[in-house]
Structure formats: structure tokens, C-alpha cells
Amino acid sequence: MKMDRVIAVRNDKTVYRDGDRCIKVFHQGYSKADILNEALNQARIEETGLNIPKILEVTMIDGNWAIVSEFISGKTLAQLMQENPDKKDEYLAMLVDLQLTVQAKTCPKLNKLKDKMNSKIAQADLDATTRYDLHTRLEGMPRHNKVCHGDFNPSNIIISDDGKPYILDWSHATQGNASADAARTYLLFWLSGDIDGANKYMKLFCDKSNTAKQYVQKWLPIVAASQSVKGKPEEREFLLSWVDVVDYE
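Small disclaimer: the values here were computed from a predicted structure and weren't measured. (Residues numbered from 1 in each chain as written. Predicted model: local features only at pLDDT ≥ 70, side-chain atom pairs only at ≥ 80, totals over all residues. Heavy atoms only, no water.)

(A) Up close: the pattern of salt bridges. With the rule as written, the count across this model stands at twelve salt bridges. Put simply, Lys88 and Asp194 hold a salt bridge, and the shortest N to O gap is 2.5 Å. In this pair, Lys88 is assigned in helix α3 (residues 88–103) and Asp194 in the loop between α6 (178–191) and α7 (195–209), connecting sequence segments 106 residues apart. Side by side, Lys88 and Asp194 carry an identical accessibility label, which is buried. Measuring nitrogen to oxygen at the nearest pair gives 3.1 Å for the salt bridge that ties Asp89 to Lys200. Here Asp89 is found in helix α3, whereas its partner Lys200 is found in helix α7, with 111 residues between them in sequence. Since its relative accessible area comes to 46%, Asp89 is described here as partly exposed. Put simply, Asp18, Arg21 and Glu57 are held in one network by salt bridges that share partners. (Salt bridge = Lys/Arg side-chain N within 4 Å of Asp/Glu carboxyl O. Helix = DSSP H or I, 4+ residues; strand = E, 2+ residues; numbered from the N terminus. Buried < 20%, exposed > 50% of the residue type's maximum accessible area, 1.4 Å probe, protein only.)

What follows is the structure, encoded as C-alpha cells:
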């Protein structure tokens, strides 16, 4: 493998390009189970027919685990929004349409969203009473089996050179309630500082999916608590600030 071109660097992984292949190399100490689960998620999502980079192999490079998949040449929706601010509303509509396409799929072998969130809430840095309230709220939410991406944001959508959208990063994929996934996307806009984008996204999602805004908002404390466990330290305080909020305007 020729790994001389770095695409992205994260705290726990580095992504390289090798011709028409994308190589995600995980750093020492990264959970083997999480790496294999990510590869399995991606393989399962391929079978749904969604437009995603196909996984090619799981291997080891210099003692580190790596996932190799197709390289998609193009620009992310985040880049396009930055380069063409006048088209942001158009790109937001595209983002929501793609998310609804994902959520129209089912994938019975994916982990269940409620199980994952219950586990995360149990680990959250919250008092027992708050955790109990969150578990109770989560259990009271309707059970669905739609494909949920788990990190659906403009940086994970690539528009290829021929104009075709591809959805990246399936490490957090589960099956469950679509509105939980929408709440996560809404919070991601907030975390990036794009409050206007968050509000426009929420309205578009609710209008296009015929979902009550209040229903998506009921998921916000649950999703925020769940995300706070593995979230970046600088984001944790912000996420936990959403946990105690019951009513939204």
C-alpha cells in the first residue's frame, strides 16, 4: 500500500488515500471490537442498496488495524456549503432528503438504537435520578426499526465528481427511531456553532417527514446524554446542558 496522502487526522485514527482506495488506520489501543463492528456495519449497509463506499478489506498495517474501502473523489456537503453560502438552503434540503432515504431502509442485523442509548446513559456523568428519568423517557419512546446513521452531518456526505451523493462513516449505525437520528443531527449543527443551520434543518426534517417538531425535541435530552459519554471533552459540558431541558420553544 502507498499511504503517502493523508486525507484526515483524528485523535484515534488517520485516513489515507491509495489510488482508488481509502485506508482508515486506527491508532494503538483502539478497541478491536469497535473496529470490526464498524466494518460489519458498513458491509450490512451495503446490502441495503444505499450509495456508500464499498468495503474492500479489514487488515493490519504496521501492527495497527485498518479498514480499506473505495475512495470517492469529490467534495463534502460541508465544503460545498462553505464555498457556496448562497446555496446552503439547497444543500440542507439535499441533506434531509438523503437522511430520509437512509431511514426508509431496514437492516435487521444492526444493533438496536435503544439498547445502545440505554448503555450510554448508564455510563453518563449524571446523578442517579437524572439517569433514571432518561431511561424512563427512552423506554417510553416508540420502537422503530429504521436505519439510523448516528452521525449524519454535512461532513459525512460526499458529492462525487459526477454529482452522485455518497454517505460515509457507518461506525455508529443502528436500527431504531428516525427522530432520534434527527435529534443527533440537530445537536451536531449546534456543536459546530451553526444555530441557524440547526433550526433550518429541524424545520426541513419535520416538514419533509411529516413529523411534529415536539416529537424530535423529546429525543434531545436522551441523545445528548448518550453522546456525552464518547463526545469530545470540550463538547461534554454543552451536551450535558441539554439533558435537564424538558421544554423547548
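(B) Representation of the pairing of strand β1 (residues 5–9) within the structure. Pairing analysis gives four bridges linking β1 to strand β2 (residues 13–18), with the strands arranged antiparallel. Opposite Val6, over in β2, you have Tyr16 as the bridge partner. Counted along the chain from β1 to the antiparallel partner β2, the turn is three residues long. (Pairing = 2+ DSSP bridges.)

(C) Focus on the environment of Asn118. Mapped onto the fold, Asn118 is located in helix α4 (residues 113–123). By relative accessible area, Asn118 is classed as buried at 18%. On a C-alpha basis, the gap between Asn118 and Asp133 in space is 12 Å, while along the polypeptide they are 15 residues apart. Excluding residues that lie within four positions of it along the chain, Asn118 makes contacts with His135, Leu138 and Glu139. (Contact = heavy atoms within 4.5 Å.)

(D) Representation of the packing of aromatic side chains. Summed over all chains, the structure comprises eight aromatic pairs. With centroids separated by 6.5 Å and ring planes inclined at 55 degrees, the aromatic side chains of Tyr186 and Trp190 adopt a geometry described as tilted. One end of the pair, Tyr186, and the other, Trp190, are both in helix α6, four residues apart, so they sit about a helical turn from each other. Given the relative accessible area of 9%, Tyr186 is considered buried. Feature note: the residues Tyr186, Trp190, Phe238 and Trp242 constitute an aromatic cluster, connected by ring pairs. (Phe/Tyr/Trp six-rings, centres within 6.5 Å; stacked < 30°, edge-to-face > 60°.)

(E) Seen up close, helix α9 (residues 233–241). Every buried residue belonging to α9 is among Glu235, Leu239 and Leu240, and all of these are buried. Across the axial projection of α9, the buried residues extend over an arc of 130 degrees, all falling on one side. Exposed side chains of α9 directed beyond 90 degrees from the buried face belong to Glu234 and Glu237. For α9, the secondary structure elements touched by its buried residues are α6 and α8 (213–230). (Arc of directions from axis to C-beta.)

(F) Region of interest: the nonpolar core. Counting 52 residues, the largest nonpolar core has Met117, Ile157, Trp170, Tyr201, Trp219 and Ile222 as the members making the most contacts within it. Those residues within four positions of Met117 in sequence are excluded, and the remaining contacts are Leu138, Ala180, Trp219, Ile222, Val223 and Ser226. Counting residues in each nonpolar core, the second largest holds six residues, with Tyr16, Ile23, Ile61 and Ala66 among its members. (Core = buried A, V, L, I, M, F, W, Y, C linked by side-chain atoms within 4.5 Å.)

(G) Inspection of the sheet that holds strand β6 (residues 74–76) at higher detail. Read across the open sheet, the three strands follow the order β6-β8-β9; overall the sheet is antiparallel. Edge positions in the sheet fall to β6 and β9 (165–167), since each of these pairs with one other strand and no more. Each neighbouring strand pair of the sheet contributes to a mean axis angle of 30 degrees, computed without reference to strand direction. Strand direction decides the pairing type here: β6 and strand β8 (residues 157–160), joined by three bridges, are antiparallel. Counterpart to Gly74 in the pairing with β8 is Ser160. (Axes fitted to C-alpha atoms, helices over the stretch in contact; angles between N-to-C directions.)

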